[in-house]
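Here are the chains, one letter per residue:
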2 protein chains.
Amino acid sequence: MSEVYATRRARLRDRCQAGGSQSALISRPANVRYLAGAAPRGSVLLLGRTEDLLVCAGPPDDRPGSGRPDETLRRHHLPGAGGDPAVAAADLATGQGVDSLAVEEEHLTVSRHRAIRSVVPRLRLGDLAGAVEQLRVIKDEEEISCLRIGAEIADQALGELLESILVGRTERHLALELERRLVDHGADGPAFATSVGTGPNSGRRGHRPTDRRVEEGDFLSVCLGASYRGYRCEIGRTFVIGTSPADWQIELYDLVFAAQRAGRESLAPGAAYRDVDRAARQVLESAGHHEGLSSLTGHGVGLEIDEDPQLAPAAMGKLDACVPVTVEPGVHLPGRGGVRIDDTLVVRPEADGGPELLTITTKELLAL
Amino acid sequence: MSEVYATRRARLRDRCQAGGSQSALISRPANVRYLAGAAPRGSVLLLGRTEDLLVCAGPPDDRPGSGRPDETLRRHHLPGAGGDPAVAAADLATGQGVDSLAVEEEHLTVSRHRAIRSVVPRLRLGDLAGAVEQLRVIKDEEEISCLRIGAEIADQALGELLESILVGRTERHLALELERRLVDHGADGPAFATSVGTGPNSGRRGHRPTDRRVEEGDFLSVCLGASYRGYRCEIGRTFVIGTSPADWQIELYDLVFAAQRAGRESLAPGAAYRDVDRAARQVLESAGHHEGLSSLTGHGVGLEIDEDPQLAPAAMGKLDACVPVTVEPGVHLPGRGGVRIDDTLVVRPEADGGPELLTITTKELLAL
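It should be emphasised that the depicted structure is a prediction, and the values quoted were computed from it without experimental measurement.

So, about the sheet that holds strand β4 (residues 74-77) of chain B. Residue and element names in this part refer to chain B. As summarised here, the arrangement of the six strands in space is β4-β3-β2-β1-β5-β6, forming an open sheet in which the pairing is mixed. Looking at which strands have only one partner, the edges of the open sheet turn out to be β4 and β6 (124-127). Between one strand axis and the next, the sheet turns by 25° as a mean value, whatever way the strands run. Bridge count for strand β1 (residues 23-26) against strand β2 (residues 44-47) is three bridges, and the pairing is antiparallel. When the sheet's bridge partners are listed, Ala 24 is paired in β2 with Leu 47. Sheet strands in contact with helix α1 (residues 2-18) are β1, β2 and β5 (100-103), and its direction is about 65° off that of β2.

The next thing to look at is the sheet that holds strand β9 (residues 219-224) of chain A. Residue and element names in this part refer to chain A. An order of β8-β9-β12 is seen for the three strands of this open sheet, with the pairing classed as antiparallel. Unpaired on one side and paired on the other, β8 (195-198) and β12 (235-240) mark the two borders of the sheet. Averaged over all pairs of adjacent strands, the angle between their axes in this sheet comes to 10°, without regard to strand direction. Here four bridges tie β8 to β9, and the two strands are oriented antiparallel to one another. In the strand pairing of β9, Val 196 is matched with Val 222. Of the strands in this sheet, β8 and β9 touch helix α7 (residues 171-184), which is tilted by about 145° from β8.

Once that is clear, we can look at the domain arrangement of chain A. All names here are of chain A. Domain parsing of chain A yields domain 1 (2-136) and domain 2 (138-357). Centre-to-centre separation of domain 1 and domain 2, based on C-alpha positions: 34 Å. Facing 10 residues of domain 1, the contacting portion of domain 2 comprises 11 residues. Roughly 820 Å² of surface becomes buried between domain 1 and domain 2 when both sides are summed, with 35% attributable to carbon and sulfur atoms. When the area that domain 1 buries against domain 2 is broken down by residue, the three leading residues are Arg 33, Arg 68 and Arg 136, summing to 52%. Scanning the region where domain 1 abuts domain 2 turns up five salt bridges. One salt bridge connects Arg 8 with Asp 140, and the closest N-O pair in it is separated by 3.4 Å. At the boundary of domain 1 and domain 2, one finds seven residue pairs in polar contact (both at pLDDT 80 or more). Those elements that place two or more of their residues in the side of domain 1 that touches domain 2 are α1 (2-18), α2 (29-36) and α5 (131-137). Within the side of domain 1 that touches domain 2, the residues separate by chemical class into four nonpolar, no polar and six charged.

What follows covers the interface of chain B and chain A. Facing the 32 residues of chain B at the interface are 32 residues of chain A. Carbon and sulfur atoms supply 49% of the area that chain B and chain A bury against each other, a total of about 2700 Å² over both sides. Of all residues in chain B, Glu 105, Val 110 and Leu 176 of chain B give up the largest surface area on contact with chain A, accounting jointly for 19% of the area buried on that side. At the boundary of chain B and chain A, one finds two salt bridges. In this structure, the salt-bridge partner of Glu 105 of chain A is Arg 114 of chain B, at a minimum N-O distance of 2.5 Å. Across the chain B-chain A interface, the total number found is 16 residue pairs in polar contact (both at pLDDT 80 or more).

The subject of this paragraph is the relation of the copies chain B and chain A. Superposing chain B onto chain A takes a rotation of 180° combined with a translation of 0.0 Å along the rotation axis, leaving an RMSD of 0.0 Å. In symmetry terms, the pair is related by a two-fold rotation axis. Using C-alpha coordinates, one finds that chain B approaches the rotation axis most closely at Thr 109 of chain B, a distance of 2.0 Å.

Right, let's talk about the packing of α1 of chain B against helix α2 (residues 29-36) of chain B for a bit. Residues and elements named next belong to chain B. The geometry of α1 relative to α2 is characterised by a closest axis approach of 7 Å and an angle of 115° between their N-to-C directions. Between α1 and α2, the residues in contact are Tyr 5, Arg 8, Arg 9 and Leu 12 and Arg 33, Tyr 34, Leu 35 and Ala 36, respectively. Each residue belonging to the contact of α1 with α2 can be placed in one class, and the counts come to five nonpolar, no polar and three charged.

Attention now moves to the packing of aromatic side chains. Residues and elements named next belong to chain A. Overall, the coordinates contain two aromatic pairs over all chains when judged by the stated rule. Seen from their ring centres, Phe 219 and Trp 248 are 5.5 Å apart, and the 80° between their planes marks the pair as edge-to-face. Of this pair, Phe 219 sits in strand β9 while Trp 248 sits in helix α8 (residues 247-265), and the two are 29 residues apart along the sequence. Taking the relative accessible area as the measure of exposure, Phe 219 reaches 1% and is therefore buried. Over the face of the ring belonging to Tyr 34 we find Arg 8, whose NZ or CZ atom lies 4.0 Å from the ring centre.

This next bit is on the pattern of salt bridges. Side chains that carry opposite charge are capable of pairing whenever their charged atoms lie near each other. All names here are of chain A. Scanning the model with the defined rule gives 58 salt bridges over all chains in all. Salt-bridge contacts for Glu 307 lead to Lys 139; the nearest nitrogen and oxygen are separated by 2.8 Å. Of this pair, Glu 307 sits in strand β14 (residues 307-311) while Lys 139 sits in the loop between α5 and α6 (141-162), placing them 168 residues apart in sequence. Both residues of the pair, Glu 307 and Lys 139, count as buried. Glu 141 is the partner of Arg 348 in a salt bridge, and the nearest nitrogen-oxygen pair spans 2.9 Å. Of this pair, Arg 348 sits in the loop between β18 (343-346) and β19 (356-357) while Glu 141 sits in helix α6, placing them 207 residues apart in sequence. Given the relative accessible area of 12%, Arg 348 is considered buried. Ionic contacts of the salt-bridge type, sharing partners, join the residues Arg 28, Glu 133, Arg 136, Lys 139, Glu 304 and Glu 307 into one network.

As for its placement among the helices and strands, Glu 179 of chain B is situated in helix α7 (residues 171-184). The side chain of Glu 179 of chain B is buried and forms no salt bridge, while Arg 232 of chain B, the nearest opposite charge, is found at 10 Å. Not counting the four nearest positions on each side in its chain, Glu 179 of chain B is found in contact with Leu 176 of chain A together with Pro 190, Phe 192, Ala 193 and Thr 194 of chain B.

Let us look at the UniProt feature "domain: Peptidase M24" (unreviewed entry) in chain A. Following the UniProt record, one finds the feature "domain: Peptidase M24" (unreviewed entry) at residues 146-348 of chain A. Between the end C-alpha atoms of residues 146-348 of chain A there is a gap of 17 Å, over a span that is 32% helix and 23% strand.

Residues and elements named next belong to chain A. The complete set of buried residues in helix α3 (residues 85-95) reads Pro 85, Ala 86, Val 87, Ala 88, Ala 89, Ala 90 and Ala 93. Residues of α3 that are buried sit in contact with β1 (23-26), β2 (44-47), β3 (53-56), β5 (100-103) and α4 (110-119). Its side-chain oxygen placed 2.8 Å from the backbone nitrogen of Ala 86, Asp 84 serves as the N-cap of α3. Just beyond α3, the residue with positive phi is Gly 97, at close to 80°.

Parameters at a glance
- Residues numbered from 1 in each chain as written.
- Chains lettered and ligands numbered in written order.
- Predicted model: local features only at pLDDT ≥ 70, side-chain atom pairs only at ≥ 80, totals over all residues.
- Heavy atoms only, no water.
- Pairing = 2+ DSSP bridges.
- Helix = DSSP H or I, 4+ residues; strand = E, 2+ residues; numbered from the N terminus.
- Axes fitted to C-alpha atoms, helices over the stretch in contact; angles between N-to-C directions.
- Contact = heavy atoms within 4.5 Å.
- Domains from an automatic or database assignment.
- Buried area = accessible area lost by both parts, 1.4 Å probe.
- Salt bridge = Lys/Arg side-chain N within 4 Å of Asp/Glu carboxyl O.
- Polar contact = N/O pair within 3.5 Å; in protein donor to acceptor, adjacent residues only side chain to side chain.
- Nonpolar A, V, L, I, M, F, W, Y, C, P; charged D, E, K, R; others polar.
- Least-squares fit on C-alpha atoms with pLDDT ≥ 70 in both.
- Phe/Tyr/Trp six-rings, centres within 6.5 Å; stacked < 30°, edge-to-face > 60°.
- Buried < 20%, exposed > 50% of the residue type's maximum accessible area, 1.4 Å probe, protein only.
- Lys NZ or Arg CZ within 6 Å of the ring centre and 35° of its normal.
- Lys, Arg positive; Asp, Glu negative; His and termini not counted.
- UniProt positions renumbered as here; feature names shortened; annotations may be inferred.

Right under this line is the structure:
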């Protein structure tokens with residue numbers, strides 16, 4: 001695996017130098033992990049002129065992080081607490097004869113930036129401007145394989161839940177049980193806080209589980225994901241509780257399903273982000289749902305659950321092959337509830353069979 | 001409750017104006033919640049000249065946050081996605097005729113700071129310099145009562161675990177079960193990622209649960225906490241698995257217990273942070289444990305699990321009454337394991353009975 005990380009760092013170094021910086025300081029944990037294999041808590045990565053260094057906040061093992069580290073990368077440990085690895089890294093960069101350093105201005109705080117300037121005032125500070133996030137958009141097959149396993153785990157956890165009795169249980173308990181099952185099946189943990197919404201809470205994006213209990217006739221929407229070797233996927237489904245859904249429930253479900261299918265079918269290398277969003281959104285809007293629609297229809301996933309690209313009306317850019325994204329339109333009717341259907345897919349060229357669906361749980365409207 | 005938040009904002013306003021700023025922009029979520037009762041995701045609080053405003057990233061309910069909001073505080077919702085509430089708040093401040101704004105430089109990123117400067121270039125930007133964090137150090141009785149309930153919940157969850165069969169179960173499963181029990185007993189959720197360490201992993205601060213199974217003769221250390229109405233407490237205990245602990249285990253346990261007691265007994269209004277640390281640390285050091293000791297002996301708790309003050313060798317400052325802190329010394333012997341004992345206490349004057357112990361689970365060495 002070490003070569004993978006070294007190759008990623010080499011690509012970033014090329015971008016940096018093209019941008020006029022001799023070195024780079026990476027502080028955002030997911031970016032550190034992407035480039036170094038691991039991100040011990042508080043650590044930063046220096047992409048130096050003569051050597052790359054993982055600069056850690058304390059002695060080895062004092063602040064365990066996650067991931068399998070790149071063993072070829074030398075670590076520099078600050079003694080004890082108190083020191084800022086970002087400042088230490090900038091100092092080490094000047095020790096390598098560097099006069100310019102690109103930092104992550106979207107992650108680094110004003111205080112830390114100021115501290116670096118005061119310790120190494122002659123170092124010219126630039127901005128990495130999301131260069132690592134851009135590298136992360138297109139995944140290699142190893143990364144996709146982690147996402148695929150994570151999606152399988154999430155499918156399994158969800159499938160088991162559907163076999164159990166649901167009426168009378170609270171949103172919170174269902175969410176916790178799903179998270180336990182994710183870990184049972186080999187996840188590092190949940191990819192994000194599991195969302196379970198019942199009745200009037202169903203269909204709300206990012207709904208935090210409450211003590212409301214599942215009742216006959218409810219919509220039940222669930223959104224969960226597994227983190228597997230750091231890679232995070234997402235699946236969302238909506239069910240109906242009881243023997244037969246009401247007409248309005250069938251109608252709303254069919255509508256959201258149609259929107260989600262339209263979004264999925266528009267995924268292709270070269271498709272504009274906004275066109276994918278529009279494909280799904282216009283199905284909902286043409287049925288009169290304008291208010292309260294989520295600001296996005298989907299987003300990239302990977303080492304973070306919410307990565308580039310954003311599939312949203314004003315998003316700029318086009319999809320590439322090997323970009324995993326969610327497609328997750330939904331409608332929520334205040335006071336009544338709603339429907340949300342969410343898959344993780346990998347963009348693939350049509351010659352390879354089109355978008356690869358990672359989350360394979362059925363999207364039929366199940367009555368439980 | 002609204003008066004509580006208004007009073008807190010008034011105190012912060014006084015500090016700001018004393019520091020030469022007419023208004024303040026609060027972006028750190030725990031600080032927003034402290035001053036506004038709730039922190040919808042992405043929201044910031046503007047402490048304005050004519051009116052305070054909670055500036056939210058999207059329409060109401062698009063990004064549910066947590067906490068019970070101050071209903072007297074007006075909300076300003078940015079339409080749809082894309083806008084940065086911090087930039088919008090700075091713009092609103094100038095609309096109120098303000099010419100200086102203090103921001104949280106320790107939280108705000110360089111990019112956001114730059115965006116504010118470019119949108120409202122005439123606004124003079126200052127630094128709040130941790131003013132809200134300082135206000136948060138001393139808790140009122142309402143806040144302490146939330147911590148007390150959280151500690152009771154954690155004690156209950158831990159107590160139930162001890163009654164179950166432990167041998168053969170993995171660290172991960174024990175951690176998940178503890179988290180489920182926290183929620184069963186009314187927690188919002190875990191206060192932080194529950195740590196369970198067995199055998200060689202025992203006694204490590206912040207150990208992430210692995211698939212190692214509990215074995216006869218192991219030390220088992222557990223650290224967990226409940227979040228209750230946003231307030232986070234912490235308890236850590238170490239047990240021995242099997243009928244009779246080995247001599248080295250008893251010896252190490254007694255030592256850490258003595259250190260922890262020394263730390264607890266040194267908690268008093270007026271005690272220097274570093275003296276509390278030294279009280280506990282010197283017990284461990286005088287027994288020859290220097291290497292690998294944690295860089296701190298304890299820390300404040302509240303809306304975040306790791307708040308000011310830090311009880312550490314180089315910490316500056318003195319304890320006040322009504323400051324809740326952890327006391328959590330530990331020793332970890334590489335390859336063998338170790339002991340960690342962690343309580344949450346509230347500093348109280350001797351006239352009121354001295355430090356109030358919130359986490360009351362026994363600290364005898366239990367053989368399970």
